[in-house]
Amino acid sequence: MGNQRGSAVADRTASGPDYSDLSNTAVAYQWVPREEGRENRPAILAEFAAGLEDYAAERGARLVGGMTVDIPELRDLPADVRRGLLRTRRRQEWRWWLWWDLVLVRAWSCTEPVAPAESGGPAPQG
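Residues numbered from 1 in each chain as written. Predicted model: local features only at pLDDT ≥ 70, side-chain atom pairs only at ≥ 80, totals over all residues. Heavy atoms only, no water.

Draft legend 1. Molecular detail of the packing of aromatic side chains. All told, the structure shown has 0 aromatic pairs when counted by the stated rule. The aromatic ring of Tyr55 is capped on one face by Arg59, whose charged end is 3.7 Å from the ring centroid. The ring of Trp31 carries the charged tip of Arg89 above its face, separated from the ring centre by 5.0 Å. (Phe/Tyr/Trp six-rings, centres within 6.5 Å; stacked < 30°, edge-to-face > 60°. Lys NZ or Arg CZ within 6 Å of the ring centre and 35° of its normal.)

This is the structure:
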């Protein structure tokens, strides 16, 4: 698989991943100060790409296609995802008075299982 870091593309019009079936999708979120998001966009995208690759590898999969990034509306996310993201924001070391300046960034990419020959495992017996 090629390095996904170079294929990061911002797409604010995307509808987002299919939350009803995340079996073939890796999704990552990050709370980012608005100004930092503008100034450090390449660094943030590289972090997302690396995080998605790690997530897929931990599950015996690889990323396929490009990474999509957007800034979702928190209220539009599923309730369980929204609760987790709010807990994460509270646990981060941001002062509560800075929360209004944080923006949620989401990245996702499709995944597929790694074939045994690619993963170094035994070849299928047939």
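Draft legend 2. Examining the pairing of strand E2 (residues 25-33) more closely. The element E2 is extensively covered by neighbouring structure, given that 7 of its 9 residues are classed as buried. Here E2 runs beside strand E4 (residues 102-113); their pairing, made up of 9 bridges, is antiparallel. Across the sheet, residue Gln30 finds its bridge partner in E4, namely Val105. (Buried < 20%, exposed > 50% of the residue type's maximum accessible area, 1.4 Å probe, protein only. Helix = DSSP H or I, 4+ residues; strand = E, 2+ residues; numbered from the N terminus. Pairing = 2+ DSSP bridges.)

Draft legend 3. Region of the structure containing the pattern of salt bridges. Enumeration over the complete set of coordinates arrives at 4 salt bridges. Glu112 is the salt-bridge partner of Arg62, the closest N and O atoms lying 2.3 Å from each other. Remark: Glu112 occurs in strand E4 and Arg62 occurs in strand E3 (residues 61-70); sequence separation between them is 50 residues. (Salt bridge = Lys/Arg side-chain N within 4 Å of Asp/Glu carboxyl O.)

Draft legend 4. Representation of the layout of surface pockets. If you add up the space inside the second largest pocket, you get close to 150 Å³. Lining the second largest pocket, in full, are Trp31, Arg34, Ile71, Pro72, Glu73, Leu74, Leu102, Val103 and Leu104. (1 Å grid on protein atoms, 1.4 Å probe; cavity = no way out; pocket = protein on both sides within 12 Å on 5 of 7 lines; lining within 4 Å. Points joined across faces, edges and corners; volume = space filled by probe spheres on them.)

Draft legend 5. Spatial organisation of the environment of Ser23. With respect to the secondary-structure elements, Ser23 resides in the loop between strand E1 (9-10) and E2. Taking relative accessible area as the criterion, Ser23 reaches 60% and is therefore assigned exposed. Among the polar contacts made by the side chain of Ser23, one reaches the side chain of Asp21 at a distance of 2.6 Å. (Polar contact = N/O pair within 3.5 Å; in protein donor to acceptor, adjacent residues only side chain to side chain.)

Draft legend 6. Looking closely at helix H3 (residues 79-91). Taking 1.5 Å as the rise per residue, H3 with 13 residues should run 18 Å; its terminal C-alpha atoms sit 18 Å apart, in good agreement. Within H3 the residues assigned to the buried category are Val81, Gly84, Leu85 and Arg89. Viewed along the axis of H3, the buried residues span an arc of 140°, placing them on a single side of the element. Of the exposed residues in H3, those oriented more than 90 degrees away from the buried face are Asp80, Arg90 and Arg91. Among the structural elements, E2 and E4 are those in contact with the buried residues of H3. (Expected span 1.5 Å × (residues − 1). Arc of directions from axis to C-beta. Contact = heavy atoms within 4.5 Å.)

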